[in-house]
Amino acid sequence: EYERGSARLNPGDILITSTDGITEACDANDDEYGYERLATCVAKNRHKSADQIIEAVLAEVKEHSCEGVHIDDKVLMVLKVTKDRTVEVPKGKAI
């Protein structure tokens, strides 16, 4: 079951949502990419645009899983709140 809720996002906040194809992408040893790697990648790229954060995460997932089995879809959504309190969203690319 899911619970409904809300959160206030402030300038500099980044909201990430993804399908399990991102976090469950496995390497040759069956080690999943996971939430911790996702959070670390986003944190180290937080100064970049939403588009660039997506590119960085997808590149890292691809590198992590290059010798593993990964047949699941990979969907990633990034919302970044800018200094003027607008939400920056990616331009929309299909990968």
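Before reading on, note that the structure itself is shown above.
Computed from a prediction, not measured in an experiment: that's the story for all the values here.

Rules used throughout
Residues numbered from 1 in each chain as written. Predicted model: local features only at pLDDT ≥ 70, side-chain atom pairs only at ≥ 80, totals over all residues. Heavy atoms only, no water. Buried < 20%, exposed > 50% of the residue type's maximum accessible area, 1.4 Å probe, protein only. Core = buried A, V, L, I, M, F, W, Y, C linked by side-chain atoms within 4.5 Å. Helix = DSSP H or I, 4+ residues; strand = E, 2+ residues; numbered from the N terminus. Contact = heavy atoms within 4.5 Å.

### Focus: unusual backbone geometry
A negative phi holds for most residues other than glycine; trans holds for most peptide bonds. For D30, which is not a glycine, the phi torsion comes out positive at approximately 65°. Judged by relative accessible area, which is 60%, D30 ranks as exposed.

### Here's the deal with the nonpolar core
In terms of nonpolar packing, the biggest core is built from 16 residues, with I22, Y33, V57 and V78 touching the most fellow members. Considering every element that reaches this core, the biggest residue donor is helix α3 (residues 50-64), with 7 residues. Not counting residues up to four positions away in its chain, the partners in contact with V78 are I14, L15, I16, A50, I53, I54, E88, V89 and P90.

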